[in-house]
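Coordinate inspection notes
In case you want the letters, here they are:
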Amino acid sequence: MWRDLLPLGRNQESGGYRRYAWTPADTDCREWFKAQAVSRGLTYELDRNGNQWAWLGDPTAGDAVVTGSHLDSVPDGGAFDGPLGVVSSFAALDELRSRGAKPGRPLAVVNFGDEEGARFGLACVGSRLAAGQLTLDKARELRDADGVTLPQAMERAGYDPEAIGADPERLARIGAFVELHVEQGRALDLSGDRVGIASAIWPHGRWRFDFHGEANHAGTTRIDDRRDPMLTYANTVLAARKKARLAGALATFGKISVEPNGVNAIPSLVRGWLDSRAADQDTLDLVIAEIEKAAVERGERDGVDVRITRESFTPVVEFEHALRDELGRILGGNVPVLGTGAGHDAGILSGTVPTAMLFVRNPTGVSHSPAETADEDDCLAGVTALADVLEGLACR
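Criteria and thresholds
- Residues numbered from 1 in each chain as written.
- Predicted model: local features only at pLDDT ≥ 70, side-chain atom pairs only at ≥ 80, totals over all residues.
- Heavy atoms only, no water.
- Core = buried A, V, L, I, M, F, W, Y, C linked by side-chain atoms within 4.5 Å.
- Buried < 20%, exposed > 50% of the residue type's maximum accessible area, 1.4 Å probe, protein only.
- Helix = DSSP H or I, 4+ residues; strand = E, 2+ residues; numbered from the N terminus.
- Contact = heavy atoms within 4.5 Å.
- 1 Å grid on protein atoms, 1.4 Å probe; cavity = no way out; pocket = protein on both sides within 12 Å on 5 of 7 lines; lining within 4 Å.
- Points joined across faces, edges and corners; volume = space filled by probe spheres on them.
- Nonpolar A, V, L, I, M, F, W, Y, C, P; charged D, E, K, R; others polar.
- Axes fitted to C-alpha atoms, helices over the stretch in contact; angles between N-to-C directions.
- Parallel < 35°, antiparallel > 145°, perpendicular 65-115°, else oblique.
- Left-handed = near helix turned anticlockwise from the far one by under 90°.
- Phe/Tyr/Trp six-rings, centres within 6.5 Å; stacked < 30°, edge-to-face > 60°.
- Lys NZ or Arg CZ within 6 Å of the ring centre and 35° of its normal.
- Salt bridge = Lys/Arg side-chain N within 4 Å of Asp/Glu carboxyl O.

**What to know about the nonpolar core**
Counting 46 residues, the largest nonpolar core has Trp32, Phe33, Phe90, Leu327, Leu358, Leu390 and Leu393 as its most contacted members. Elements with a contribution of two residues or more to this core: α2 (24–39), α3 (83–99), β4 (107–111), β5 (174–182), β6 (195–201), α11 (321–330), β15 (355–360) and α13 (376–394). Of the residues forming this core, the biggest block, eight residues, is contributed by α13. Once residues lying within four places of it in the same chain are set aside, the contact partners of Phe33 are Tyr44, Gln52, Trp53, Ala54, Leu71, Val86, Phe90, Val109, Val110 and Asn111. Counting residues in each nonpolar core, the second largest holds 25 residues, with Val66, Ala108, Ala123 and Val353 among its members.

What follows is the structure, encoded as structure tokens:
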């Protein structure tokens, strides 16, 4: 499975993946998922939001145990973030069959669409739609860098955008969702454990900062006469780092657009996107307020107008303690429990469905990069752990 999936959407120059939602690379990944389902005799379904499902047992019976993750990527992302969870889910079903396990509850593997948000700027679109956390109006307004809307992209890929929306009946048939994911950090590497259980996801969000200045000639405009938004932006980036560090939080400006984007032109507009996360809501609120204050104050000094828009936000997610504790019992009670600053579909679904997560050791902690990796023995340990969990939950 891994060898078949590995070349799909891979950029030869960077070595990373560009599996963006509703693009040919995404279609190739979806075809791979469907082929895996069909080859195992599983019931394949595509839901109203383009999420893919592969069922062992009756999809309508209810109280299903579902596992899976996503197959899309960030720009030039790694091979493991998302796909490891999907590949491991199919492998775990294979392991259950080899054990002769007899599930008393339906089992399913799911591939949620557009988890990373690389194309339309909003993470977890497929699961947000299903859970009713993304309105139809907002979904229809989502556009990529070329101005293509989400409905247009879906239609071009052969899907019906008129069907999208909340899917409460489907989610009501899920008794538990367990997502396996490569750890995005080094907690397991430092503790020497192959597999861990998630405790919570930090609150996190994305903010767009628009810095409006005045375009002018780079070679003839006096320094004192400039209204340079790049200067305000640069100072805001430095302020974000400082404020986050002081608070024990995280703040990252990882995307920027510039107009008119000329080497010899002072920009008229610099637009930067901030990603910020913290262990608790109060800390995150404090950090964002401090960054916004720093941006506005610097803008006043530079003659630059600063406008800030929160584009997405996910509050802290405490995974259901009963299910989390059950995973610990099934796996022997010695598995470490750890929090994470990364968002996941499991976090989106947690308000509707009992959810839990398993993490597989990442020896470098690197993620969202071509250097992202996990050792094969650790991945196989993750498959075994997931199979144990599925057996414990569905075959009781």
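**Some details on empty space enclosed by the protein**
Evaluation of the coordinates by the stated rule reveals three cavities of 30 Å³ or more. Computed from the structure, the largest cavity encloses a volume of approximately 60 Å³. Around the largest cavity sit Ala21, Trp22, Arg30, Asn49, Asn51, Gly113, Asp114, Val125, Gly126, Leu129, Leu150 and Met154, which together line it. The set of elements that each furnish at least two residues to the lining of the largest cavity consists of α4 (125–131) and α6 (150–156). A total of three residues in the lining of the largest cavity trace back to one element, the largest contributor, which is α4. Of the residues that constitute the lining of the largest cavity, the class distribution is six nonpolar, four polar and two charged. Roughly 40 Å³ of internal volume is contained in the second largest cavity. The wall of the second largest cavity is formed by Trp2, Leu5, Leu6, Tyr17, Arg19, Ala79 and Pro83. A per-class count over the lining of the second largest cavity returns six nonpolar, no polar and one charged.

**Let's talk about the layout of surface pockets**
Put simply, the second largest pocket is a space of about 340 Å³. Considering the residues around the second largest pocket, the lining is formed by 14 residues, among which Trp2, Val87, Glu376, Cys379 and Leu380 are closest to the centre. Sorting the residues of the lining of the second largest pocket by element identifies α1 (2–5), α3 and α13 as the ones contributing at least two each. Residue composition of the lining of the second largest pocket, by class: ten nonpolar, one polar and three charged.

**Let's talk about the packing of helix α9 (residues 229–247) against helix α10 (residues 281–302)**
In contact at an axis separation of 9 Å, α9 and α10 are set at 155 degrees when each is read in the N-to-C sense. Here α10 runs roughly antiparallel to α9, going by the angle between their axes. Crossing angle aside, the handedness with which α9 passes α10 is right-handed. Packed against α9, whose contacting residues are Leu231, Thr232, Asn235, Thr236, Ala239, Ala240, Lys243, Ala244 and Ala247, the element α10 presents Thr283, Val287, Glu290, Ile291, Ala294, Ala295, Arg298, Gly299 and Asp302 at the interface. Its residues assigned to classes, the contact of α9 with α10 comprises nine nonpolar, five polar and four charged.

**Concerning the packing of aromatic side chains**
This structure, assessed with the given rule, holds eleven aromatic pairs. Taking the centre distance of 6.1 Å and the plane angle of 80 degrees together, the rings of Trp32 and Phe90 count as edge-to-face. Here Trp32, found in helix α2, pairs with Phe90, found in helix α3; they are 58 residues apart in sequence, far enough to count as distant. One aromatic cluster is present, built from ring pairs that chain together Trp53, Trp55, Phe112 and Phe177. Above the plane of the ring of Trp273 lies Lys255, whose end atom (NZ or CZ) is 4.6 Å from the centre.

**Quick word on the pattern of salt bridges**
Enumeration according to the criterion identifies 22 salt bridges in this entry. Here Asp388 ties to Arg99 by a salt bridge, and the two come within 2.8 Å at their closest N and O atoms. In this pair, Asp388 is assigned in helix α13 and Arg99 in helix α3, connecting sequence segments 289 residues apart. Classification of Arg99 by relative accessible area gives partly exposed; the value is 30%. The shortest N-O distance in the salt bridge between Arg99 and Glu391 comes to 2.7 Å.

By themselves, these figures tell us nothing about what the structure is for.
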